[in-house]
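Examination of the molecular architecture
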Amino acid sequence: MAAVTSFLTLDYVARTLDENVELLEAIVSNDDNLTYGAIVSVYTGPDEAITALTDHGVQELTDMLSEARLTTKAWHQFLDDFVDDPELAARFKAHNPR
């Protein structure tokens, strides 16, 4: 496996993929949702950190979202499985999966 040489913040990934950053935060809040090492915390101060992804993590996330959006049923199941906050999941279910 190649050495990781860069990380992408969730804000940047959301802009790049034209995704809602809250959705990405909800997905990566459980580090079991992506391969070990794909999600990293970057500490910006003693009590402050931001979440970032490796290139592999971005690809995994992109693949997950693409597959989930194939049908409305698949999208709703994806949200139930990967978004722990029921109110947030309901908000995303109210919109078409694209």
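Here is a short report on the structure shown in this document. (Residues numbered from 1 in each chain as written. Predicted model: local features only at pLDDT ≥ 70, side-chain atom pairs only at ≥ 80, totals over all residues. Heavy atoms only, no water.)

**Considering the packing of helix H3 (residues 55–68) against helix H4 (residues 72–82)**
Two numbers describe a pair of packed helices, the interaxial angle and the distance between the axes. Heads up, the rule is: Only the contacting stretch of a helix is used when fitting its axis, a line to C-alpha atoms as for every element, and angles between N-to-C directions run 0 to 180 degrees. Each helix is a run of DSSP H or I of at least 4 residues and each strand a run of E of at least 2, with the numbering of both proceeding from the N terminus. In what follows, roughly perpendicular refers to angles from 65 to 115 degrees, roughly parallel to angles under 35, roughly antiparallel to angles over 145, and oblique to any angle outside these ranges. Throughout, a residue-residue contact means that at least one pair of heavy atoms, one from each residue, lies within 4.5 Å. All residues other than Ala, Val, Leu, Ile, Met, Phe, Trp, Tyr, Cys, Pro, Asp, Glu, Lys and Arg, Gly among them, are scored as polar; the first ten of these are nonpolar and the last four charged.
As a packed pair, H3 and H4 sit with axes 8 Å apart at the nearest point and diverge in direction by 135 degrees. The orientation of H3 relative to H4 falls into the category oblique. Between H3, through Met64, Leu65, Glu67 and Ala68, and H4, the contact on the second element is made entirely by Ala74, Trp75, Phe78 and Phe82. A class-by-class count of the residues in the contact of H3 with H4 yields seven nonpolar, no polar and one charged.

**Quick notes on the side chain of arginine 69**
Assignment of secondary structure puts arginine 69 in the loop between H3 and H4. Those residues within four positions of arginine 69 in sequence are excluded, and the remaining contacts are Glu19, Leu23, Trp75, Pro97 and Arg98.

**Describing the pairing of strand E3 (residues 48–53)**
Our working rule: A pair of strands is labelled paired if DSSP reports no fewer than 2 bridges between them.
Pairing of strand E1 (residues 8–9) with E3 involves two bridges; the strand directions are antiparallel. Bridge assignment links leucine 8 to a residue of E3, and that residue is leucine 53. Hairpin connection from strand E2 (residues 39–45) to E3: two residues lie between these consecutive antiparallel strands.

**Observations concerning helix H1 (residues 10–17)**
Defined as follows: Burial classification: accessible surface area is computed with a 1.4 Å probe over protein chains only, and a residue below 20% of its type maximum counts as buried, one above 50% as exposed, and the rest as partly exposed. Our arc is simply the arc of the directions from the helix axis toward the C-beta atoms.
Of all the positions in H1, only Leu10, Val13 and Ala14 are classed as buried. Summarising the axial view, the buried residues of H1 lie within an arc of 100 degrees, below the 170-degree limit, and thus occupy one face. Facing away from the buried side of H1, by more than 90 degrees, are the exposed residues Arg15 and Thr16. Lining the buried residues of H1 we find E1, helix H2 (21–28), E3 and H3. Two residues or fewer past H1, aspartate 18 is found with a positive phi of approximately 55 degrees.

**Regarding the sheet that holds E1**
Strand order in this open sheet of three strands is E1-E3-E2, and the pairing throughout is antiparallel. The open sheet has two edge strands with one neighbour each: E1 and E2. Strand contacts of H3: E1 and E3, with the helix running at about 65 degrees to E3, the strand carrying the most contacts.

**A look at the packing of aromatic side chains**
To be explicit about the condition: Centres within 6.5 Å make a pair out of two Phe, Tyr or Trp rings, where for Trp the six-membered ring is used; the pair is then stacked when the planes are under 30 degrees apart, edge-to-face when over 60, and tilted otherwise. Sitting over a ring, as applied to charges here, requires NZ of Lys or CZ of Arg to be within 6 Å of the ring centre and within 35 degrees of the ring normal.
Counted by the stated rule, this structure contains two aromatic pairs. In textbook terms, an aromatic cluster arises when at least three aromatic residues are bridged by ring pairs, as seen for Trp75, Phe78 and Phe82. Over the face of the ring belonging to phenylalanine 92 we find arginine 91, whose NZ or CZ atom lies 5.6 Å from the ring centre.

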